[in-house]
Amino acid sequence: SQTIHQWPATLVQPVGSPLSLECTVEGTSNPNLYWYRQAAGRGLQLLFYSVGIGQISSEVPQNLSASRPQDRQFILSSKKLLLSDSGFYLCAWSGGEGRNTEAFFGQGTRLTVV
Amino acid sequence: AQKVTQAQTEISVVEKEDVTLDCVYETRDTTYYLFWYKQPPSGELVFLIRRNSFDEQNEISGRYSWNFQKSTSSFNFTITASQVVDSAVYFCALSDRAQKLVFGQGTRLTINP
């Protein structure tokens, strides 16, 4: 069966520090991968999505970046965090290979920038 | 560009009442997929249903039902005989041919005993 792992679960980082959140999927190949951010009490904002290695689509201009070094690994990074980067970050995967299946989500990372 | 609108930010009803959550979408694609997710207080996102653009049949699953109408670009979700455990934030989502998955702002549903 397929599983998605996202870590860490919580993170407190000072302003100006770097960020690296990692997400890995097991049990499937060539998935679509997504990063979302959810501010407190708000909706899910799509940050990045990838339909394959080396293919990253950025949805919101900001100081975040994403990379997909391996087929089932998706990394969200920042060189210098801002206070506004605080939020709940969710990684998700869906079927890929042209199949529009439902997306399955990780447990999320609650990031607080102080 | 695709867009999902959930105009109801918050809904509060008394237990056993029926409640409908509205979802309106926009897309230029003729092939697309619609989804509903539930986010309980614990934060995880739980998949509820998927519908493709060629299947307008309504669906019922226990107390849950979904009404998909392409003519009005709507995909509404009804909970019959609501229960306190239904309290959560509910999200409607749309995936287009590029497999970009976009969510609405969510509707916070509170079921009061």
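Residues numbered from 1 in each chain as written. Chains lettered and ligands numbered in written order. Predicted model: local features only at pLDDT ≥ 70, side-chain atom pairs only at ≥ 80, totals over all residues. Heavy atoms only, no water.

Student: I keep staring at the nonpolar core and nothing clicks. Help me out?
Tutor: Grouped together as the largest cluster of nonpolar side chains are 23 residues, with contacts concentrated most on Trp36(B), Phe75(B), Phe77(B) and Tyr90(B). At the level of elements, β2 (10-14), β3 (19-21), β5 (33-39), β8 (64-69), β9 (74-79), β10 (88-95) and β12 (107-112) of chain B are the ones that each hand at least two residues to this core. With four residues, the top contributor of residues to this core is β10(B). Of all hydrophobic cores here, the second largest spans 20 residues; its members include Tyr36(A), Phe88(A), Ala103(A) and Val102(B). (Core = buried A, V, L, I, M, F, W, Y, C linked by side-chain atoms within 4.5 Å. Buried < 20%, exposed > 50% of the residue type's maximum accessible area, 1.4 Å probe, protein only. Helix = DSSP H or I, 4+ residues; strand = E, 2+ residues; numbered from the N terminus.)

Student: Please explain the interface of chain B and chain A as it appears in this structure.
Tutor: How big an interface is tends to be expressed through the accessible area that disappears when the partners come together. Taken together, the contact between chain B and chain A spans 21 residues of the former and 23 residues of the latter. Where chain B meets chain A, there are two salt bridges. Summed over the shared surface of chain B and chain A, the result is seven residue pairs in polar contact (both at pLDDT 80 or more). Those elements giving two or more residues to the side of chain B that touches chain A turn out to be β5, β6 (46-52), β10 and β11 (101-103) of chain B. A total of four residues in the side of chain B that touches chain A trace back to one element, the largest contributor, which is β5(B). Residues of the side of chain B that touches chain A, tallied by class, amount to ten nonpolar, six polar and five charged. (Contact = heavy atoms within 4.5 Å. Salt bridge = Lys/Arg side-chain N within 4 Å of Asp/Glu carboxyl O. Polar contact = N/O pair within 3.5 Å; in protein donor to acceptor, adjacent residues only side chain to side chain. Nonpolar A, V, L, I, M, F, W, Y, C, P; charged D, E, K, R; others polar.)

Student: Help me understand the confidence of the model for chain B in this model?
Tutor: Per-residue confidence for chain B gives a mean pLDDT of 93; residues scoring 70 or more make up 100%. Element-level pLDDT for chain B is lowest in strand β7 (residues 59-61) of chain B, with a mean of 88, against a maximum mean of 98 in β3(B). (pLDDT = per-residue confidence, 0-100.)

Student: Honestly, the sheet that holds strand β8 (residues 73-78) of chain A in this entry has me stumped. Any pointers?
Tutor: In any sheet, the strands associate via hydrogen bonds between backbone groups, in a parallel or an antiparallel arrangement. All names here are of chain A. Spatially, the four strands line up as an open sheet ordered β1-β3-β8-β7, and their pairing is antiparallel. Of all strands in the sheet, those with a lone pairing partner are β1 (3-7) and β7 (64-70), marking the two edges. Adjacent strand axes in the sheet meet at a mean angle of 15°, parallel and antiparallel pairs treated alike. Direction of pairing for β1 relative to strand β3 (residues 19-26): antiparallel, over a ladder of five bridges. Opposite Ile4, over in β3, you have Val25 as the bridge partner. (Pairing = 2+ DSSP bridges. Axes fitted to C-alpha atoms, helices over the stretch in contact; angles between N-to-C directions.)

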